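Results of the structural survey
Residues per chain are reported as follows:
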Amino acid sequence: MNYYDIKDDFEAYPDAFAYLCWSKRGPGKTYSTLRFMIEHEKSFLFIKRTIDDVEMLCTDGSKKGVVFDVSPFKPLNRDFGWNYKPVLIKKSVAGIYKADLEGKAYGNPVGYVCALSDTKTVKGFDMSEVDYMIFDEFIPRKGERVSRSEGEQLLSIYMTVRRDRMLRGKEELKLVCLANAEQVNNPVFMLFDVVDYAVDMDMTSTEYKYLKDKKILLHFINAGYAAETEKSAV
């Protein structure tokens, strides 16, 4: 299997403001995206759907004397000798810090974590240094209950973080949405009115679709892998 590298999408479509990437589990979307943020020293906001999701992500089980780490940085720390950990700051917001050999966080956060369902708390934090917003698992799992206003919640957080960054001479805030699912009828696709494009991509096994007028990249990663598999079988 080929592994996904978000850097290729950023380089191929630099004018996009939103990168919507979905596939089955496995290509390494979250791994690649967080690796890019650290290696290029980009401040970022990592969004999970619920407060419980954020709390789980920040739990390592050390207080109970067990090893329990579901942080998305776990494989990156292992592969690159890093030691980054999310630390709960307040309710649904966490900071991502470097940690020493004993696991104690220090310095300024390299990024943040927040819950999409708690936009009021997010609005109380100044995250004006954030360059990228990453919504992890933006396509709900089968049977997962989500708010009908989830798209509006995402847009609200985006506008809160973006604030007046363009007037201050900063580049446009980038939005990256990642999912290990293929259900095209989801709140994010509906928010940006791209459901029909995604359906067509699925039916025609099209990997990329760049909507220039919207500045949105649609990347159906499985389509590309399917094409490569067919070529190798010939």
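In this report, we go over the structure that sits alongside the text. Keep in mind that this is a model prediction, so the values were computed, not measured. (Residues numbered from 1 in each chain as written. Predicted model: local features only at pLDDT ≥ 70, side-chain atom pairs only at ≥ 80, totals over all residues. Heavy atoms only, no water.)

Next up on the list: the packing of aromatic side chains. Inspection of the entire model under this criterion finds 16 aromatic pairs. Three or more aromatic residues joined by ring pairs form one cluster here, namely Tyr-31, Phe-44, Phe-73, Phe-80, Trp-82 and Tyr-84. (Phe/Tyr/Trp six-rings, centres within 6.5 Å; stacked < 30°, edge-to-face > 60°.)

Moving on: the environment of His-219. Position of His-219 among the secondary structure elements: in strand S9 (residues 216-220). When the C-alpha atoms of His-219 and Thr-206 are compared, they prove to be 8.6 Å apart, with 13 residues separating the residues in sequence. With residues up to four places along the chain from it excluded, the contact list for His-219 reads Tyr-4, Asp-9, Leu-20, Cys-21, Trp-22, Met-201, Glu-207 and Tyr-208. (Helix = DSSP H or I, 4+ residues; strand = E, 2+ residues; numbered from the N terminus. Contact = heavy atoms within 4.5 Å.)

With that out of the way, let us pick up the layout of surface pockets. Roughly 560 Å³ of volume is contained in the largest pocket. Lining the largest pocket we find 23 residues, and of these Arg-25, Thr-30, Asp-136, Glu-137 and Asn-180 sit closest to its centre. Listed by contribution, the elements that provide at least two residues to the lining of the largest pocket are helix H2 (29-39) and helix H4 (74-80). A per-class count over the lining of the largest pocket returns seven nonpolar, five polar and 11 charged. (1 Å grid on protein atoms, 1.4 Å probe; cavity = no way out; pocket = protein on both sides within 12 Å on 5 of 7 lines; lining within 4 Å. Points joined across faces, edges and corners; volume = space filled by probe spheres on them. Nonpolar A, V, L, I, M, F, W, Y, C, P; charged D, E, K, R; others polar.)

The nonpolar side chains of soluble globular proteins are, as a tendency, buried together. Grouped together as the largest cluster of nonpolar side chains are 38 residues, with contacts concentrated most on Leu-20, Trp-22, Leu-45, Met-133 and Phe-189. Here this core takes four residues from helix H6 (residues 150-162), the largest share from any one element. Apart from residues lying up to four places away in sequence, Phe-189 is in contact with Leu-20, Trp-22, Phe-138, Val-184, Val-194, Val-195, Ala-198 and Leu-218. If you look at the next biggest cluster of nonpolar residues, it comprises 29 residues, including Tyr-4, Ala-94, Tyr-132 and Val-176. (Core = buried A, V, L, I, M, F, W, Y, C linked by side-chain atoms within 4.5 Å. Buried < 20%, exposed > 50% of the residue type's maximum accessible area, 1.4 Å probe, protein only.)

Buried residues dominate strand S4 (residues 93-99), accounting for six of its seven residues. Turn length for the strand S3 (residues 84-90)-S4 hairpin, with the two strands adjacent in sequence and antiparallel, is two residues, and the turn residue Lys-91 shows positive phi of about 50 degrees. Of the pairings in the sheet, the one linking S4 to strand S5 (residues 105-115) comprises six bridges and is antiparallel in character. Counted as the bridge partner of Ala-94 is Val-113 from S5. In this structure, the hairpin formed by S4 and S5 is closed by a connection of five residues, where Gly-103 is found at a positive phi of approximately 85 degrees. (Pairing = 2+ DSSP bridges.)

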